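Chain by chain, the residues:
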Amino acid sequence: MTQQEDFLRRAEAMAKGFVWDFYQKRKSIWQIMEQMDEKCFSWIGVGPGEYLRSYDEALHYFAEQRYAGAVPLIEISEEHYDAQLVTNQVCIVLCEYLLTVRPETGNVMQERQRSTITIRRAHGGKLLACQIHASNPWYPMKGDERWPEQFGRQTYTYFLELLSELELKEMPHLSSQQRKVLVLMMHGKTYQDIAAALDITYRTVQYHVRMIFNKFGVDCREMLFAKLIRTLCATMGNSLDHDGDDSNGDDDMESKVLKALDDAAKKYKISQRSHHGRKKIDKSNLPVTNDIIPKDKER
């Protein structure tokens, strides 16, 4: 390995360590800032006020943020770090990673962030970060927010993943096989995909879907997902301790979101009926209509 290759690999490792130390809070802000260049440093961050033009500004801002507990613990996954040489002593590390906030924090959020970290090699071989520029994954942040509190409770896709993790404990009584079918449905799998994954027939998948629809009192996927999200919202709302600070505005917002989901599902149902006979219907999204129980339904 050449000296330049070694420099790039060390820079990538440094960038990864910084991301984990910052979002997982493995180190104090003081320890993290020891890796930054005191003489020449700037930070363009994700928040409205994170346009920091010096080492001292960045140290003060993030020390205050950490002390206030403004940002919860954030999980990191699906990481990619690629260092590109600028000069013999300077490189830029391109970073991409998935940030996930667990519901135990009172927020539900999952977004992909991209950032660049400029790193120089100082005398003696020590690496120092000169500039950090992070994209804003929390795009709904408004005003002086340092954290998108409102948006964190309304992420549709992540809701579905959480339902899978909860193993549908709050759902109506489903058989083990029906739970597996429902989880795969929530991940967008077709009936053929579900049959292959569970080693059952296509007809058996249809049977289980019909049973699921019956237990939830719906007749299409969209209505089912709307009801699942309503259940999750109710479950999370009961489990979180708001210390009596909830306002009627927050309740109204949640009601509006849930109503919008229901309305969208109803419109989809009406549109499907109005187009019936004019367009070919994808049978993989429809439940079986007869009541014959497949022989392998118990599998």
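Small disclaimer: the values here were computed from a predicted structure and weren't measured.

Cut-offs used in this document
- Residues numbered from 1 in each chain as written.
- Predicted model: local features only at pLDDT ≥ 70, side-chain atom pairs only at ≥ 80, totals over all residues.
- Heavy atoms only, no water.
- Salt bridge = Lys/Arg side-chain N within 4 Å of Asp/Glu carboxyl O.
- Helix = DSSP H or I, 4+ residues; strand = E, 2+ residues; numbered from the N terminus.
- Buried < 20%, exposed > 50% of the residue type's maximum accessible area, 1.4 Å probe, protein only.
- Arc of directions from axis to C-beta.
- pLDDT = per-residue confidence, 0-100.
- Contact = heavy atoms within 4.5 Å.
- Polar contact = N/O pair within 3.5 Å; in protein donor to acceptor, adjacent residues only side chain to side chain.
- Core = buried A, V, L, I, M, F, W, Y, C linked by side-chain atoms within 4.5 Å.
- Phe/Tyr/Trp six-rings, centres within 6.5 Å; stacked < 30°, edge-to-face > 60°.
- Pairing = 2+ DSSP bridges.
- Axes fitted to C-alpha atoms, helices over the stretch in contact; angles between N-to-C directions.

Asker: Looking at this structure, how should I read the pattern of salt bridges?
Answerer: Opposite charge on two side chains makes pairing possible when the charged atoms of those side chains draw close. This structure, assessed with the given rule, holds seven salt bridges. We note a salt bridge from Arg120 to Asp37, for which the minimum N-O separation is 2.5 Å. One end of the pair, Arg120, is in strand 5 (residues 109–121); the other, Asp37, is in the loop between helix 2 (29–33) and strand 1 (42–44), and 83 residues separate them in sequence. Of the residues examined, Asp37 reaches a relative accessible area of 4% and is grouped as buried. Between Glu57 and Arg53 there is a salt bridge, with the nearest N and O atoms lying 3.6 Å from each other. Residue class for Arg53 comes out exposed when judged on its relative accessible area of 60%.

Asker: How should I be thinking about helix 6 (residues 191–198) in this particular structure?
Answerer: What sets the pattern is the α-helix's 3.6 residues per turn: residues three or four places apart point alike. Listed in full, the buried residues belonging to helix 6 are Tyr191, Ile194, Ala195 and Leu198. Here the buried residues of helix 6 occupy an arc of 100° about the axis, which is enough to place them on one side. Residues Ala196 and Ala197 are exposed on helix 6 and point more than 90 degrees away from its buried face. Downstream of helix 6 by one or two residues, Asp199 has phi in the positive range, about 55°.

Asker: Explain the confidence of the model for the protein here, please?
Answerer: Any residue range with low pLDDT should be treated as having predicted coordinates unsuitable for detailed reading. Scored by pLDDT, the protein comes out at a mean of 76, with 63% of its residues at no less than 70. Taken element by element, the protein is modelled with least confidence in helix 9 (residues 248–275), mean pLDDT 51, and with most confidence in strand 6 (residues 127–134), mean pLDDT 96. Ignoring residues within four places in sequence, the model shows residues 278–293, a span with pLDDT below 50, making 25 contacts including any to other chains.

Asker: Help me out: how do you make sense of the side chain of Glu12 in this one?
Answerer: Relative to the assigned elements, Glu12 resides in helix 1 (residues 3–23). A polar atom in the side chain of Glu12 sits 2.9 Å from the side chain of Arg9. Here Glu12 is in contact with Tyr81, Asp82, Ala83 and Val93, once residues within four sequence places are set aside.

Asker: Can you walk me through the nonpolar core in this structure?
Answerer: Counting 38 residues, the largest nonpolar core has Phe18, Met36 and Val93 as its most contacted members. Looking at this core, the elements that each hand over two or more residues are helix 1, helix 2, helix 3 (55–68), strand 3 (75–87), strand 4 (90–101), strand 5 and strand 6. Leave out the neighbours within four places in its chain, and Met36 touches Phe18, Phe41, Tyr55, Leu128, Ala129 and Ile132. Among the nonpolar cores identified, the runner-up in size contains 22 residues, and Val181, Ile200, Val205 and Val209 belong to it.

Asker: Even after reading the chapter, I still don't get the packing of aromatic side chains, so can you show me in this structure?
Answerer: Ring pairs (aromatic) are described by centroid distance and by the angle formed between their planes. Taken as a whole and assessed by the stated rule, the structure comprises eleven aromatic pairs. With 5.7 Å between their ring centres and 70° between their planes, Phe18 and Trp43 make a pair best called edge-to-face. With Phe18 in helix 1 and Trp43 in strand 1, this pair connects stretches of sequence that are 25 residues apart. Here the aromatic rings of Trp43 and Phe62 are separated by 4.1 Å at their centres, their planes lie at 40°, and the arrangement is tilted.

Asker: Explain the sheet that holds strand 4 here, please?
Answerer: Strand pairing within a sheet occurs via backbone hydrogen bonds; the two strands may be parallel or antiparallel. If you trace the six strands from one edge of the open sheet to the other, you get 2-1-6-5-4-3, paired in mixed fashion. Where the open sheet ends on each side, the last strands, each with one partner, are strand 2 (51–52) and strand 3. In terms of strand pairing, strand 5 meets strand 6 through seven bridges, oriented antiparallel. Each bridged residue has a counterpart across the sheet, and for Ile119 the counterpart in strand 6 is Ala129. Relative to the sheet, helix 1 contacts strand 1, strand 3, strand 4, strand 5 and strand 6, its axis offset from that of strand 3 by approximately 145°.

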